[in-house]
Structure formats: structure tokens, C-alpha cells
Amino acid sequence: MARMTKLLPFLIALAVFGLGFVLLDTVLMGMQGLSLMYDK
Amino acid sequence: MTTRGWNNMHIARSVNPMSKLVMFALFAALVVLVAGGLSEFGALAGENGVGAAAGDGATAYQPAPKLTERDYPTIAGINSRLVVWVFAQLHLWFAAFVLAVPIFVFIIEAIGMKTRDKRYDDMAYEFIKVTITAYSLTAILGGGLLFSLILFYPHLFTYLSVIFKESMFWYAVLFFAESAVLYLYYYGWHWLQGGFRKWVHLTLGLLLNAVGTTLMLLANAWLTFMMSPNGVDAAGVFSGDSWAAIHNFLWNPINIHRFVANIAYGGSIVGAYAAFKFLTARNGQERAHYDWMGYNANFIAICALLPLPFAGYYLAAEIYAYSQQMGITLMGGIFAWLFIIQAVLIGTLFLSANYYLWCGMGRSDGAKRYTKYIKYIAIVLVGSFLVWFTPHTLVLTNSELKSLGGPYHSVLGPLGIMPAKNSAVNLMILFTYLSFMFYRRSNKVATVSWEGTGNAIQVALFTAGIVNIMFLGIYHGYFTNTAYKVAASIPQVVTTLVVIVGSIVLDGFMYRGSKEVGPLHWGRIPERAQYALFLLAVAFTWLMGLMGYIRSGIRQHWHVVDIMRDASADAFTPTLGYAANVVSVAAIIFMAMVIFVFWIAQVSTRKSLPAGYWKE
């Protein structure tokens, strides 16, 4: 339990950054995908 | 000021006038040639139907000349391409150095003004002192390049100088301005000290950089026009204005790449200077000073090195976008193997820069808290390095081909494509930053209550970033449409930047009000670390030479791509071995000249007082 408590800040931060990067990838890849469709 | 400092100034003044004279003579010749309306070339231009003919105030340009082998003068059996190649390369190396150093000299001087720490001012002065001799050599080599172009490639020179007559004129004018400002900046350093005078001096530094950068932008336009001509029709008839010729497709990508690369290169050369001075230092005080100087130079080189792969990638992408043929020749054709050498050299740069940082951690007594992590950074760097230089298609003998079943290795082959390289280089950049973060932390102890949580957030940020980079590289590189292979490189870069910026901000908060472990022991660094600085300078030099050859070589048999064909006896792509030898010999000549520059700077500190020579 004590170990989990120690790990908690890391796990929360990992989840936040993970979600952030997923969002970043979606936006950037999506924009380029749209650009490719638009070019066609 | 110390006696030695005054001696430096005195002797530096007595060394430079000769080279200044040569330099001004060469550029006076350029001004006469260009500002004189190129009248000397008028006959040649008319003969080839190249020149501009004035009619009713409007300028009409002629098509690019169609040349034969007889149009290229041969002088004393000299290989024209070789002469121009070596002069251009040597000029570029020195120019990169002398354009970059004033950029960070300006920044260091400003830091000195802000902090009122005179050490910064002294260091900035010492950097610019090394540049002065190098500046003369740059001008002499530029003159050599100009004359060899006029002598060996008169028709090409005429064609380009008619189109670029205005920019060449302004180049010559700006060169005079650059010389004037540089000498004011250097010789006025100790005169313009304190209060308003210091601001005047700093303004001179800004002006020096503005003029120097404009010079580079103009020269870049001439070479990028040869790769991606603008404002011309299929026959090479120019119908635009000066701006159209300058603002061609590859101008800005080259500008960005060269600007960043020059800073990294300048940092590495002055780093080598500091290493040289460190190794020849006669006492602990000198060693400490040059260790500090070497650290700052390496810091500058690393700061510019980190974004450099992205600038290079952008340039390569733009070359592809302009001409797929040039792009494929660049990385998929004959030059592809030079990119493997490039990868080895870039890996060398990252390894030597990191090695220097690790050695430098020994300056702090608190570094042992972080040394245990260095081996993991080294493993990631070496692993990424191996991926970075794994070729896509192997060069094999027939029997090797048979036993392998083709030139493509089933396991290592997939590492040969760009998504793997992009992932590797992003990891190398992140872990180089990590080395730097450990270096910065090594002499500090955080005092904030949330240090443990802060470290956990740092680890999470790096973990999430690395996983994202690997996901983008593997998933989009191997499991989606080809178009996404290139597209995925953008979120990879952004991820790297987010991690670095996020980590810097977080560390800034964590170490606000931190305590120092103890005073930093400048000079407490092994001598082998100095050789890492030499390696950095040599690897940069060689890398620039080889990649510069590729950039120029992808024009293949064209002087100006698709417009003006090269009809000389050298209108072929030489073997890679030959090209590498030329660049290597040029690099050795350059290094010999750099050692001369360092030696001159060293000589200026010596003083002989022959007894009884001068009458009392």
C-alpha cells in the first residue's frame, strides 16, 4: 500500500502526459490526414 | 586589465594589417567587377547570348548559354572542379565560423552586462579575438573562390552575375560594412566599456550580426538558385526581379539549416580552442579559465545541435518537394551511402558531446548522486546510434547475396527506413538533454518540499514522451500508409520539444531557491575530455564537407538545374571514395589553418625583451 502511495504521483502524471500525447498525435496526424485528402 | 591583456591587444594590432590589406584588395576587385556593371564580361555575355540588354529602360535577359567542353578554360593542367571545390569548401568552413561566433559573443556580452560578471566579458572578448584572424582567412579564401570561378567557369559566372548583379553589388558593400563594424567591435572593446559606452558596443555587436547574417542570406540565394531556379523559363531566360531570384524554393530551408548549423559549428571550433588552451595551460588558474570556456562553448554547440536534425530533415523534405528526382538522388541514389557516413559522424557528435558532459560532472562534489544513471544513457545513445546508421540495402558480394537471399536483411532491414532513424534521433536528443539535466543538477540540492513528487513527474514526462515517440515510429512507420511515415515525424519532433521544454520548466520550479553542494571545481576535468572537444570540431568539419558535397552534387550534370547544363570534362558524379578523399584533404587543410589561427592567438600572449637591443 505504501509503495502504491509512493507510485501514485508518477502514475497520475503518466496518465495525464499519456492522454496529452494521444491528443497531440490525434490533432497533428489528423491535420496532415485532412491536408492529404484536400490535396487529392 | 592585466599586462598580458594589453600585450594581446598590442600584438594583435600588429599582426592583422597585412591580412587586412590582402582582404580589402580582394574585395575591392569584387566591387570593381560587380559595381562596374560587369563591363569586363559584357563581351563574353554578348558572345554567349547571356547578358542583359537595356532597351527603353527595361532589362531583357537572354537564355542560359549552351556550352561545349571548349568553353571551359584549362590552365596549366589544373582540375577546375577540384580548385573551385576546395576553395568553396574552405571558404564555407571559415565563413560558418566567423558568422557564428559574433552571434554568441553578442549573447555572452549581454549576459555579462546583465550579471555584471566580468568573466563573461573577458570570455566574449577572447572568442572574438580568435575570429579576427579567421575573418581575414575567410576573405582571402572567398577571393580565391571568386577568382577560380571567373577563371575556370566564366560563362556560368557571367550568367549568374547578370541575374544577381544587384545582390552581388550589395554583398560587396555589406562586406565593407561587416569589416568596419567588426574592427570597431573588436578594437573598441576596451574603449567602449561602462554605462552608455557599453550599450554602444553591444549595439555594434547587434549590427555586426545583422550585416553578417544578411551576407549569408545573399550568398545562400546564389547557390539555391542553382538548385531551384526561380523567375526563369525553360530556356533559362530570367524574367523576374532580384527578389524573385533570391526568394527561390530552397532559399529559406537552406537559410534555417545553415544558421543553426553555423552556431553549432562555431561553438565546436571555439570549444577546440579552449581545449587547446586547457592542454597547454601553465597553471591551475589558466586551466580553470579554459575549462569554463570549453564548457560554455560545448553548451552553445549542444544547444544548436539539438534542433539541427530537424532543420536538416526540413531541408531534405523541401528538396523532395521541389524535385523528386533530386530527392531520390539525395537519399535513395548514389549519395545514400554518404548518409551512412553522415549518420556515423552525427552519432560521434552526440557521443562526444555527452561524454564531455559526463566528464564535466566531476567538477561538482554532488555529481555522484547521478553518475549511476550515465551507463543507461550511454546504452540508449549507442543503441540509437546503431539504428541511426543501419543501411537499408547492404553492399554485398554475390555469395553473400545468395546466402542472405537478397540485399535486404530480414531483421536489420526494417531499421534502414526513416521512421526508425527518426525515432532513434529523437531518443538521442532526449537523452542528450537528460545528460545536460543531470549536469545542471549535479551541484544543486533542491529545497522544495515536493522534490519527490517533482522527480516522479519528470520520470512520467520522459516515459510518456519516449513511449509516444516509439509508438509513432513503429505504428506509423510500419503499419500504416506510406504517407504517414513522413507525417509521423512531426508529432515525434513536437513530443521531443514538449518533453524538453516541460522538463526545463519543472526543473526551474524544483530548483528555485536550491542550495549548492559546494563551489564548482573548474579545471577538475580529465584531459581526455578535451579530446572529446577536438573530436566534436573535427566531426562537424568533416560532416559539413561531406553533406555540402551531397547538396551540391545532387545537381548532377547541371550548373543550374534543368536550365544550364554543365558541359565541362568534369560533368559527372565522382565516386564516393574520391569525393570523401577530397573532403578529407580539405578538412586537413582547414584544420591546419585553424591550428595556425590558434597559434597566432597564442603568440600574441608572448613577449620578448632582448637586453641591450634598444638604445636607452
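Quick caveat: nothing in here was measured; it's all calculated off a predicted structure.

**Structural notes on the overall build of chain A**
Helix and strand counts for chain A stand at 1 helix and 0 strands. Across its three principal directions, the C-alpha atoms of chain A cover 55 × 10 × 5 Å. Here chain A holds 40 residues, and the buried ones make up 20% of them. Accessible surface, chain A as shown: approximately 3200 Å² in total, 78% of it carbon and sulfur.

**Let's talk about the confidence of the model for chain B**
In regions of low pLDDT, the predicted coordinates are not meant to be interpreted in detail. All names here are of chain B. Summary statistics for chain B give a mean pLDDT of 88 and a share of 90% for residues scoring 70 or more. The low-confidence segment residues 30-43, where pLDDT is below 50, has 22 contacts with residues more than four positions distant or belonging to other chains. A low-confidence stretch, residues 49-57 (pLDDT under 50), is modelled with 21 contacts involving residues beyond four sequence positions or located in other chains. Note on the complex model: pTM 0.84, ipTM 0.91.

**Some points on the packing of aromatic side chains**
All names here are of chain B. Applying the stated criterion to the full structure yields 37 aromatic pairs over all chains. Here a set of aromatic residues connected by ring pairs shows up, and it is made of Y125, Y135, F175, Y183, Y185, Y186, Y187 and W189. The ring of F572 carries R81 above its face, with NZ or CZ at 4.7 Å from the centroid. One residue, R565, lies across the ring of W558, its end atom 5.7 Å from the ring centre.

**Thoughts on the nonpolar core**
Residue and element names in this part refer to chain B. F94, F127, Y159, F164, I550, V560 and F590 are the most contacted members of the largest nonpolar core, which totals 173 residues. Of the residues forming this core, the biggest block, 15 residues, is contributed by helix α4 (residues 118-152). When residues no more than four places from it in sequence are discounted, the contact partners of F94 are A134, L137, T138, L141, F590, M593, V594 and V597.

**Regarding the pattern of salt bridges**
Residues and elements named next belong to chain B. Counting across every chain of the model gives 7 salt bridges over all chains. D365 is the partner of R524 in a salt bridge, and the nearest nitrogen-oxygen pair spans 2.8 Å. Taken together, the positions of R524 in the loop between β4 (515-516) and α20 (527-553) and D365 in the loop between α13 (336-360) and α14 (368-388) put the pair 159 residues apart, joining distant regions of the chain. Looking at R524, the relative accessible area reads 38%, which means it is partly exposed. Residue D365 is classed as partly exposed on the basis of its relative accessible area, which comes to 38%. Notably, a salt bridge pairs R441 with D507, separated by 2.8 Å at the nearest N-O pair. Of this pair, R441 sits in helix α16 (residues 418-441) while D507 sits in helix α19 (residues 489-510); the two residues are 66 residues apart in sequence, bridging distant segments of the chain. For the pair shown, R441 and D507 are each scored as buried.

**Structural notes on the interface of chain B and chain A**
Of the residues lining the interface, 23 residues belong to chain B; the matching set on chain A comes to 14 residues. Summed over both sides, the interface of chain B with chain A buries roughly 1500 Å², with 83% coming from carbon and sulfur. The tally of links between chain B and chain A comes to 0 salt bridges. Connecting chain B to chain A are 1 residue pair in polar contact (both at pLDDT 80 or more). Among the elements of the structure, α17 (451-478), α18 (482-487) and α19 of chain B are those that each provide at least two residues to the side of chain B that touches chain A. For the side of chain B that touches chain A, a count of residues per class yields 17 nonpolar, 6 polar and no charged.

**Observations concerning helix α11 (residues 308-322) of chain B**
Compared with the 21 Å implied by 1.5 Å per residue over 15 residues, the 21 Å span of α11 of chain B between its first and last C-alpha is a close match. Residues of α11 of chain B that are buried include every one of L308, P309, F310, A311, L315, A316 and I319 of chain B, and no others.

**Considering the environment of A177 of chain B**
Residues and elements named next belong to chain B. For A177, the position within the fold is in helix α6 (residues 165-187). Judged by relative accessible area, which is 28%, A177 ranks as partly exposed. For the pair A177 and G212, spaced 35 residues apart in sequence, the C-alpha separation works out to 9.3 Å.

**So, the packing of helix α10 (residues 284-305) of chain B against α13 of chain B**
Residue and element names in this part refer to chain B. Closest axis-to-axis distance for the α10/α13 pair is 11 Å, and the angle between their directions is 140°. The pairing of α10 with α13 is recorded here as oblique in orientation. Judged by the sense of rotation from one axis to the other, the crossing of α10 with α13 is left-handed. Contacts between α10 and α13 involve D291, G294, Y295, N298, I302 and L305 from the first element and L349, F350, A353, Y356 and L357 from the second.

**Overview of the side chain of R555 of chain B**
All names here are of chain B. Structurally, the position occupied by R555 is in the loop between α20 and β5 (558-560). Here R555 is buried and forms no salt bridge, its nearest opposite-charge partner D566 lying at an N-O distance of 6.6 Å. Polar side-chain contacts of R555 include one of 3.0 Å to the backbone oxygen of W558. Leaving out residues up to four positions away in the same chain, R555 has contacts with M226, M227 and V561.

**Comments concerning the environment of W558 of chain B**
Residue and element names in this part refer to chain B. Within the fold, W558 resides in strand β5. The sequence separation of W558 and M227 amounts to 331 residues, and the corresponding C-alpha distance is 8.8 Å. Not counting chain neighbours up to four residues away, the residues in contact with W558 comprise I563, M564, R565 and D566. Within the structure, W558 has its side chain in polar contact with the side chain of H557 (distance 3.3 Å).

**Overview of unusual backbone geometry**
Residues and elements named next belong to chain B. In this structure, R116 is a non-glycine residue whose phi angle is positive, near 60°. Topologically, R116 is positioned in the loop between α3 (80-115) and α4. Residue classification places R116 among the exposed residues on the basis of a relative accessible area of 75%.

What counts and how
Residues numbered from 1 in each chain as written. Chains lettered and ligands numbered in written order. Predicted model: local features only at pLDDT ≥ 70, side-chain atom pairs only at ≥ 80, totals over all residues. Heavy atoms only, no water. Helix = DSSP H or I, 4+ residues; strand = E, 2+ residues; numbered from the N terminus. Buried < 20%, exposed > 50% of the residue type's maximum accessible area, 1.4 Å probe, protein only. Areas by Shrake-Rupley, 256 points an atom, 1.4 Å probe, with all protein chains shown as cover. pLDDT = per-residue confidence, 0-100. Contact = heavy atoms within 4.5 Å. Phe/Tyr/Trp six-rings, centres within 6.5 Å; stacked < 30°, edge-to-face > 60°. Lys NZ or Arg CZ within 6 Å of the ring centre and 35° of its normal. Core = buried A, V, L, I, M, F, W, Y, C linked by side-chain atoms within 4.5 Å. Salt bridge = Lys/Arg side-chain N within 4 Å of Asp/Glu carboxyl O. Buried area = accessible area lost by both parts, 1.4 Å probe. Polar contact = N/O pair within 3.5 Å; in protein donor to acceptor, adjacent residues only side chain to side chain. Nonpolar A, V, L, I, M, F, W, Y, C, P; charged D, E, K, R; others polar. Expected span 1.5 Å × (residues − 1). Axes fitted to C-alpha atoms, helices over the stretch in contact; angles between N-to-C directions. Parallel < 35°, antiparallel > 145°, perpendicular 65-115°, else oblique. Left-handed = near helix turned anticlockwise from the far one by under 90°. Lys, Arg positive; Asp, Glu negative; His and termini not counted.

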